[in-house]
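So the chains spell out like this:
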Amino acid sequence: MSHAFWKQVLVEQAVRNRHASGSWLPYGDSMVQVNKYGRRVVNEKSPYNERSQIHFHWNPSKREYSNVLMFMIWDETVASNPEEWGHRPPVPMPGETMPYVIVGATWEDLADKIDARLASLEAHTGGVRLDASFTDNLRTTIGRFNEFAISGVDVDFNRGETPIEIDWNGAGRVGSVNPTMAPFRADGPFYCVILGAGVLDTNGGPKINTKAQVLGADAQPIPGLYGAGNCIASINGQAYWGPGATIGPALTYGYLAGINAASEPIKKL
Ligand SMILES: Cc1cc2nc3c(=O)[nH]c(=O)nc-3n(C[C@H](O)[C@H](O)[C@H](O)COP(=O)(O)OP(=O)(O)OC[C@H]3O[C@@H](n4cnc5c(N)ncnc54)[C@H](O)[C@@H]3O)c2cc1C
């Protein structure tokens, strides 16, 4: 059971309710996700399953999971955009306040407030706090991101290059070269939510072959035993690509399992 179908969730909601809203496609063009070092480590607009796996990246140089928590940060232009959009949460509508949204007047103020919030969550997070380099690195990250937003090309993480990223992005800004990116405002306020990994469903279990036959430890089919859906090891491995990646293979291999099971010789006791 080394994998699952993943999404990002609001850590504070998860701590409070043991259930949390997911961030399917993070909203906003002047928006980034950074780790505790203030660095981008993923294409923020990539599908939820693919993106969320960044939380599990083991950093051998630091001997830690540097991205176990991620910080989704946006500016006032995103915050005050009145667009109603299914993928807008956790960004509140203008005038709405949410307890999990951290607001800072400047980058320094935002970092201080994020770190204070992390301190209050230490019992649940293994003690993750911002690194001392966070604010300096964040400035550099935002500066580099702004250059990508102006050119329309995310040289680091290819943001906005696939159709689902555009389709699930919302309207975007008039005149944007790449509708998933826009430069951050120079001045605050700036906003942040803390994200962690959440599970939609498990996808480990016995392996099957292309006939949907369950394989034994010797990699040979176990006679008469078939599997499909979330109870077998995902045929996609770690990949998902987009919505339908659970139901599509489940239907396909369920169908194959039915066809092949029906053609099994009748067994006599
Ligand atoms: C709200 C929601 C939205 C989703 N949206 C999407 C989407 O847009 N695209 C997508 O691809 N996936 C989506 N999914 C995921 C997808 O629905 C599941 O991954 C998929 O249905 C799993 O199929 P399954 O056949 O493996 O399991 P299930 O559909 O859970 O079927 C298992 C069946 O086994 C039965 N069962 C359990 N125990 C026993 C027992 N002991 N004896 C007999 N029967 C038993 C259950 O009653 C159930 O009918 C969504 C899931 C949810 C909850």
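Bear in mind that the values here come from a model prediction, so they are computed numbers and not experimental data.

Colleague: Can you walk me through the overall build of the protein chain in this structure?
Modeller: Helices and strands together make up the secondary structure of the protein chain, namely eight helices and eight strands. A buried classification covers 47% of the 269 residues belonging to the protein chain. When the accessible area of the protein chain is evaluated, it comes to approximately 13,400 Å², of which 57% is carbon and sulfur surface. Across the protein chain, 23 positive and 27 negative side-chain charges occur, with their mean positions spaced 7 Å apart.

Colleague: Any chance you could explain the domain arrangement of the protein chain here in plain terms?
Modeller: When the parts come together, some accessible area is lost, and that loss is often what is quoted as the size of the interface. Parsing the protein chain into structural domains produces domain 1 (4-200) and domain 2 (203-262). A C-alpha centroid distance of 34 Å is found between domain 1 and domain 2. Contact residues are listed per partner, giving nine residues for domain 1 and eleven residues for domain 2. In total, about 850 Å² of surface goes out of reach between domain 1 and domain 2, with carbon and sulfur atoms giving 58% of it. Summed over the shared surface of domain 1 and domain 2, the result is zero salt bridges. At the junction of domain 1 and domain 2, the tally comes to five residue pairs in polar contact (both at pLDDT 80 or more). Secondary structure elements with two or more residues in the side of domain 1 that touches domain 2: β1 (4-10) and α2 (48-52).

Colleague: Can you walk me through the nonpolar core in this structure?
Modeller: In summary, soluble globular proteins display a tendency toward joint burial of nonpolar side chains. Counting residues in each nonpolar core, the largest one holds 26 residues, and the members touching the most others are Phe-71, Ile-73, Trp-107, Leu-110, Ile-114, Phe-134 and Ile-194. Every element with two or more residues in this core is listed here: β3 (31-34), β4 (70-74), α4 (107-120), α6 (134-151) and β6 (190-202). A total of six residues in this core trace back to one element, the largest contributor, which is α6. Not counting the four nearest positions on each side in its chain, Ile-73 is found in contact with Ser-30, Met-31, Val-32, Val-34, Trp-107, Leu-110, Phe-134, Leu-138, Phe-184, Tyr-191 and Cys-192. Counting residues in each nonpolar core, the second largest holds 13 residues, with Val-91, Tyr-100, Tyr-191 and Leu-195 among its members.

Colleague: Could you clarify how one ought to interpret the pairing of strand β8 (residues 221-226) in this entry?
Modeller: Remark: a regular strand shows side chains that alternate across the two faces of the sheet. Of the strand pairs in this sheet, strand β7 (residues 213-215) and β8 are connected by two bridges, and their pairing is antiparallel. Counted as the bridge partner of Leu-215 is Pro-221 from β8. Between β7 and the antiparallel strand that follows it, β8, lie five residues; Ala-219 among them carries a positive phi value of about 65°.

Colleague: Whenever I open this one, the pattern of salt bridges confuses me. Can you help?
Modeller: Where charged atoms from two side chains of opposite charge approach closely, those side chains can pair. Summed over all chains, the structure comprises eleven salt bridges. Among the salt bridges present, the one from Arg-40 reaches Asp-154, with a minimum N-O distance of 2.9 Å. Of this pair, Arg-40 sits in the loop between β3 and α2 while Asp-154 sits in the loop between α6 and α7 (163-167); the two residues are 114 residues apart in sequence, bridging distant segments of the chain. In this structure, Arg-144 and Asp-156 form a salt bridge, with 2.7 Å as the shortest nitrogen-oxygen distance. Of this pair, Arg-144 sits in helix α6 while Asp-156 sits in the loop between α6 and α7, and the two are twelve residues apart along the sequence. Judged by its relative accessible area of 38%, Arg-144 falls in the partly exposed class. We classify Asp-156 as partly exposed; its relative accessible area is 32%.

Colleague: What am I meant to see in α4 here?
Modeller: Given 3.6 residues to a turn, an α-helix orients residues that are three or four positions apart in the same direction. Between its first and last C-alpha atoms α4 spans 20 Å; for 14 residues at 1.5 Å apiece the expected length is 20 Å, and the two agree. Along α4, the positions that sit buried rather than exposed are Trp-107, Leu-110, Ala-111, Ile-114, Asp-115 and Leu-118. Buried residues of α4, viewed axially, fall in a sector of 130°; they line one side. Projecting away from the buried face of α4 at angles above 90 degrees are the exposed residues Asp-112 and Ser-120. Packing partners of the buried residues in α4 comprise β4, β5 (102-104), α5 (122-125), α6 and β6.

Criteria and cut-off values
- Starting from 1, residues in each chain are numbered consecutively following that chain's sequence as written.
- Reporting in this predicted model follows two pLDDT cut-offs: at least 70 for local features of residues, and 80 or more for side-chain atom pairs to be given and counted; totals over whole chains, interfaces and linings ignore these cut-offs and use all residues.
- Just so you know, side-chain values use all the structure's heavy atoms and leave hydrogens and water out.
- Each helix is a run of H or I in the DSSP string that is no shorter than four residues. Each strand is a run of E no shorter than two, and both are numbered from the N terminus.
- Buried means the residue's accessible area, taken with a 1.4 Å probe over protein chains only, is under 20% of the maximum for its type, while exposed means over 50%, and partly exposed covers the values in between.
- Only the protein chains shown count as covering a residue, and every accessible area follows the Shrake-Rupley method with a 1.4 Å probe.
- Two residue types count as positive, namely Lys and Arg, and two as negative, namely Asp and Glu; His and chain ends fall outside the count.
- By convention, the point assigned to a charge is CZ for Arg, NZ for Lys, CD for Glu and CG for Asp.
- All the domain ranges listed were derived from an automatic or database domain assignment.
- Whether two residues touch is decided by their heavy atoms; if any such pair falls within 4.5 Å, the residues are in contact.
- Throughout, the accessible surface (probe 1.4 Å) given up by two parts as they are put together, summed over both, is called the buried area.
- Here, a salt bridge means any side-chain nitrogen of Lys or Arg that lies within 4 Å of a carboxyl oxygen of Asp or Glu.
- Throughout this description, a polar contact denotes any pair of N or O atoms lying within 3.5 Å of each other; where both atoms belong to protein, one of them has to be capable of donating a hydrogen while the other can accept it, and for residues adjacent in sequence the pair is counted only when both atoms sit in side chains.
- In plain words, nonpolar cores are sets of buried Ala, Val, Leu, Ile, Met, Phe, Trp, Tyr and Cys residues tied together by side-chain atoms within 4.5 Å.
- Whether two strands pair depends on DSSP finding at least two bridges between them.
- How far a helix is expected to stretch is found by multiplying one less than its residue total by 1.5 Å.
- To obtain the arc, one takes the directions from the helix axis to the C-beta atoms.

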